[in-house]
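# Observations on the model geometry
Below, each chain spelled out in residue letters.
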Amino acid sequence: RGGGMVPMLPGLYVGGAESCSSPESLAAAGVVAVLTVDAEEPPPLAAGRTPPPPGGSPDGRAVLSCPVLSCPCSQAGVSRSVAVVTAYLMKTEGLGWEEAYAAVKAAKPDAEVNPGFQEQLKLYEAMGCAVDSSSALYKRYRLQMLTERYPELQDLPREVFAVDPTNICQPPNTEVLYRCRKCRRALFRSSSILSHTEGSGPTAFAHKRITDPAQLCDDGREKCTSYFTEPVQWMEPALLGVMEGQLLCPKCTAKLGSFSWRGEQCSCGRWVTPAFQIHKSRVDEVRMLPVGNFQAAKA
């Protein structure tokens, strides 16, 4: 299990910290830049070698991204740096994460991406090999990681919260606004809804010993009776310091739903973790019409 430099593509290598220990060896291999995914910075490149300009290297060698590298390295060179190169192959070669990972392992048999990085590579593939912070998949993953890292939940990163709709002057025309049915206070936008795969329905509640036939049959009613959203700024006071509780309208205090960092079961049977659940019966949809359409309708 060495951390030596292994060629992956023309001008692209992967290795551990030891592969960065000799600037002369890097220069001899034609390396013009190094991306380190370790806490310690690698030594400077040999004199006369300069980092590549944005988009490539002076001699035409490939680099991972502007203005990054031709040799990513981590401490052992088997997990973090391998994950970076796998993502690069996914992006540039159009490979799925398993196919890209297999290609790296073929060149570097001791490669062993840890389970956490594998989940991130799966997410990267699901998002079309782009980091999209507005994606529901990305938001869901970030919340799950937050739950694991901050069990106390005394302080939450600001970026976790969606902007309160009342702080936005004019929402986009394509978005649906959701208001409290009782007082009409704006609560969240459609972009804050985190969709989930529909569960197995009534059979998922067998553990609750439901005996009412009406509840056990599928009579065509809507299976998901709640919206599961990302946290919104107005929820913050209720979320801090507790694992679960009620979600109340910040204006009229009407009960809207509930939250649980441990997760809650949707009416469709799917378990959602963490869960910020707003009952559909407690809110109204408000669809924004483009000004042009409004004027046309008025005419």
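Parameters at a glance
- Residues numbered from 1 in each chain as written.
- Predicted model: local features only at pLDDT ≥ 70, side-chain atom pairs only at ≥ 80, totals over all residues.
- Heavy atoms only, no water.
- UniProt positions renumbered as here; feature names shortened; annotations may be inferred.
- Pairing = 2+ DSSP bridges.
- Helix = DSSP H or I, 4+ residues; strand = E, 2+ residues; numbered from the N terminus.
- Axes fitted to C-alpha atoms, helices over the stretch in contact; angles between N-to-C directions.
- Salt bridge = Lys/Arg side-chain N within 4 Å of Asp/Glu carboxyl O.
- Buried < 20%, exposed > 50% of the residue type's maximum accessible area, 1.4 Å probe, protein only.
- Expected span 1.5 Å × (residues − 1).
- Contact = heavy atoms within 4.5 Å.
- Polar contact = N/O pair within 3.5 Å; in protein donor to acceptor, adjacent residues only side chain to side chain.
- pLDDT = per-residue confidence, 0-100.
- Parallel < 35°, antiparallel > 145°, perpendicular 65-115°, else oblique.
- Left-handed = near helix turned anticlockwise from the far one by under 90°.
- Nonpolar A, V, L, I, M, F, W, Y, C, P; charged D, E, K, R; others polar.

The name recorded for the protein chain in an unreviewed UniProt entry is protein-tyrosine-phosphatase, from Lophotis ruficrista. In its Sequence similarities (unreviewed entry) section, the UniProt record describing the protein chain reads: "Belongs to the protein-tyrosine phosphatase family. Non-receptor class dual specificity subfamily."

### Digging into the sheet that holds strand β9 (residues 255-260)
Pairing in this open sheet of 4 strands is antiparallel, and the strands run β7-β12-β9-β8 from one edge to the other. At either end of the open sheet lies a strand with only one pairing partner, and these are β7 (226-228) and β8 (244-248). Put simply, the sheet's adjacent strands are angled 25° from each other on average, direction ignored. Pairing between β7 and strand β12 (residues 275-279): 3 bridges, direction antiparallel. The residue bridging Y227 from the neighbouring strand is I278, located in β12.

### A few points about the pattern of salt bridges
This model, assessed by the stated rule, comprises 11 salt bridges. A salt bridge links K139 to E230; the nearest nitrogen and oxygen atoms lie 2.9 Å apart. Of this pair, K139 sits in helix α5 (residues 136-149) while E230 sits in the loop between β7 and α7 (236-239); the two residues are 91 residues apart in sequence, bridging distant segments of the chain. The same class applies to K139 and to E230, which are both buried. A salt bridge links K223 to E198, with the shortest nitrogen-to-oxygen separation between them at 3.2 Å.

### Some words on α5
Taking 1.5 Å per residue as the helical rise, α5 with its 14 residues ought to reach 20 Å, and the 20 Å between its terminal C-alpha atoms agrees with that figure. By the burial criterion, the buried members of α5 are K139, R140, Y141, L143, L146 and T147. Close packing links the buried residues of α5 with α4 (115-126), β7, β11 (271-272) and β12. With a side-chain oxygen lying 3.1 Å from the backbone nitrogen of L137, the N-terminal cap of α5 falls on S135.

### Remarks on the environment of N167
Of note, N167 is situated in the loop between α5 and β5 (176-180). Its relative accessible area of 54% is what places N167 among the exposed residues. Linking N167 and Q233, residues 66 residues apart in sequence, is a C-alpha distance of 9.9 Å.

### A word on the confidence of the model for the protein chain
Averaged over every residue, the pLDDT of the protein chain is 79; residues scoring 70 or more account for 72%. Throughout residues 213-217 the model reports pLDDT below 50, and contacts reaching past four residues in sequence, or to other chains, amount to 5 contacts. Throughout residues 294-299 the model reports pLDDT below 50, and contacts reaching past four residues in sequence, or to other chains, amount to 0 contacts.

### A look at the packing of α4 against α5
Where α4 meets α5, the axes come as close as 10 Å, and the angle between the chain directions of the two elements is 160°. Classed by the angle they form, the pair α4 and α5 counts as roughly antiparallel. For the element pair α4 and α5, the recorded crossing hand is left-handed. Contact residues: α4 offers G116, E119, Q120, L123 and A126, while α5 offers L137, Y138 and Y141. Classifying every residue of the contact of α4 with α5 by side-chain character gives 5 nonpolar, 2 polar and 1 charged.

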